[in-house]
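Below are the chains, spelled out letter by letter.
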Amino acid sequence: MSIGAVLLRLRQKYSRGFRVAYARDRVRPRILNTAPITDTNDSRCEIHVLTSAQDWLNLIWTLKSFYLMSGRHYALCVHEDGSVPPEGLEAIRKHFPAARILLRADADRQARDFLRGYPRCEAFRQANALALKLFDFKMSLRSPRMLLFDSDLLFFREPSAFLNRAEDPAYLRNTFNRDVETSYSFDWRIVEERLGFEVTEEVNSGFGVIQPDSMRVDWIEECLGLDGILDGHPWRIEQTLFALLSSRYGVELLPQDYQVYLTPGLGERPFRHYVGAVRHLMYSEGMLRLVKQGLLDMKPAPSTDKAMVSMATALSQRSSV
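For clarity, every value in this text was computed on a predicted model and none was experimentally measured.

Asks: Teacher, can you tell me more about the sheet that holds strand E4 (residues 145-149) here?
Replies: Sheets are built from strands that pair by backbone hydrogen bonding, the pairs being arranged parallel or antiparallel. Pairing is mixed across the open sheet formed by seven strands, whose spatial order is E3-E2-E1-E4-E7-E6-E8. Edge positions in the sheet fall to strand E3 (100-102) and strand E8 (251-253), since each of these pairs with one other strand and no more. The mean inter-strand angle of the sheet, taken between neighbouring strand axes irrespective of direction, is 30 degrees. Where strand E1 (residues 42-51) lies against strand E2 (residues 74-80), seven bridges are found, and the strand directions are parallel.

So this is what it looks like as C-alpha cells:
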C-alpha cells in the first residue's frame, strides 16, 4: 500500500477524532461477547427492523439496550436487505435466538403475491431498499401492534411514554419520534386537496408504534400516484409514505425527550435516535454511556418481567457520566 493510500485510510478512520474511532472500532464489537437475549416471545407487540451490511452490529446494540432497559420480551423480526454477510446473520441469530430473520430473497418471493395488483407498490419496492419497511414489515407481522425500529437507536432508561402507547389497547393511533424538521420527498400540502386529509409534519419513521390497519396497500398505491412523491431524496420517500398513511389513519408524535436533535449531549433522555448527521455520536456518546452503565458487563436475568425490570433499574442507576 502506498504512503498516500495509508494517509487516506488514516484520515478516513480518524475523521471524527480518536474518541469516535476508539468507540466504533474497539468498543462496539464487544457487544458480541455479551450473553444472548433468549426470551423474545411476548406477542402483544412485534419489533420489526431493517438492517444491512453497514448496520447489523449497531442493530445488536439497539436491540440489547432496548430489551435490557425496558424489561420487555416483545417478539422480534429482523429484515435484512440482501447485503448482510453470513457472519452478521449468524451473530443476530446467536444473540436473539427466538427472533425471526427474514432474508431478502425469501421476502422477494412473498412480496410478489402480497403486492399483486398494485403496480406502483411493486415498482417502488424493487427500486427503493427502504420500501421494505412498508411492505415487508406489514406482510410478515404476527402481532396486533408493530413496533418500528431503525438500526441506529440506543436506550438509556425505560422509554415509558413509548411503552405506554405500545401496550395500551385503547391507544389506536400511530406514534413516532419527532424529526428535526419536516423531511418529506415532495410538497405534502397538495395532499389535502387531492386526498382530503391534512398531513402531520415532522414525522420520523425510525421509531414508532404502528397500527397494522394503517398500513393499507391500496392507500400506498394511491399515495404513490401523487405528483412528485418519487422525485425527492430516495431516503425520504418511505418516511413520507409513513407520514401520509398515519395522517390519514390517526397519528401522534412522542414527547420531546424522543425528538431527533443534532447536538451532543444526552441529559436525562431515555433514548436517542442517532440519524446520519450524528451517527458518530452513537459511538462516542451513546455506546460509551452504555458501557459506563454496565451494559457490556451484565448478563441477561432469568426470563421474567420482574427480573428484567430489576436489571433495567440497576443499569439506569449507573448512568452518571
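Asks: Please explain the pattern of salt bridges as it appears in this structure.
Replies: When charged atoms on two side chains of opposite charge get close, those side chains can pair. Scanning all chains against the criterion turns up 21 salt bridges. The residue Arg 116 makes a salt bridge to Asp 113 at a minimum N-O spacing of 2.7 Å. In this pair, the class of Arg 116 matches that of Asp 113, namely exposed. Arg 272 is the salt-bridge partner of Glu 285, the closest N and O atoms lying 2.9 Å from each other. One end of the pair, Glu 285, is in helix H12 (residues 279-293); the other, Arg 272, is in strand E9 (residues 271-273), with 13 residues separating them in the sequence. Its relative accessible area of 13% is what places Glu 285 among the buried residues. Judged by relative accessible area, Arg 272 falls into the buried class, the value being 1%. Several salt bridges converge on common partners, so that one network encompasses Asp 42, Arg 44, Arg 72, Glu 158 and Glu 167.

Asks: Looking at this structure, how should I read the side chain of Asp 42?
Replies: Summarising the element assignment, Asp 42 is placed in strand E1. Of note is the side chain of Asp 42, whose polar atom sits 2.7 Å from the side chain of Arg 44. What Asp 42 contacts, discounting residues up to four positions off in sequence, is His 73, Tyr 74 and Ala 75.

Asks: Just checking my understanding: could you explain the packing of helix H6 (residues 119-127) against helix H7 (residues 132-139) for this structure?
Replies: Geometry of a packed helix pair, given as the angle between the helix axes and the separation of the axes. Their axes nearest at 9 Å, the elements H6 and H7 cross at an angle of 110 degrees. Here H7 runs roughly perpendicular to H6, going by the angle between their axes. Note on element contacts: H7 touches H6 through Leu 132, Leu 134, Phe 135 and Asp 136, opposite Cys 121, Phe 124 and Arg 125. Along the lines of polarity and charge, the residues of the contact of H6 with H7 split into five nonpolar, no polar and two charged.

Scoring rules and cut-offs
Residues numbered from 1 in each chain as written. Predicted model: local features only at pLDDT ≥ 70, side-chain atom pairs only at ≥ 80, totals over all residues. Heavy atoms only, no water. Pairing = 2+ DSSP bridges. Helix = DSSP H or I, 4+ residues; strand = E, 2+ residues; numbered from the N terminus. Axes fitted to C-alpha atoms, helices over the stretch in contact; angles between N-to-C directions. Salt bridge = Lys/Arg side-chain N within 4 Å of Asp/Glu carboxyl O. Buried < 20%, exposed > 50% of the residue type's maximum accessible area, 1.4 Å probe, protein only. Polar contact = N/O pair within 3.5 Å; in protein donor to acceptor, adjacent residues only side chain to side chain. Contact = heavy atoms within 4.5 Å. Parallel < 35°, antiparallel > 145°, perpendicular 65-115°, else oblique. Nonpolar A, V, L, I, M, F, W, Y, C, P; charged D, E, K, R; others polar.

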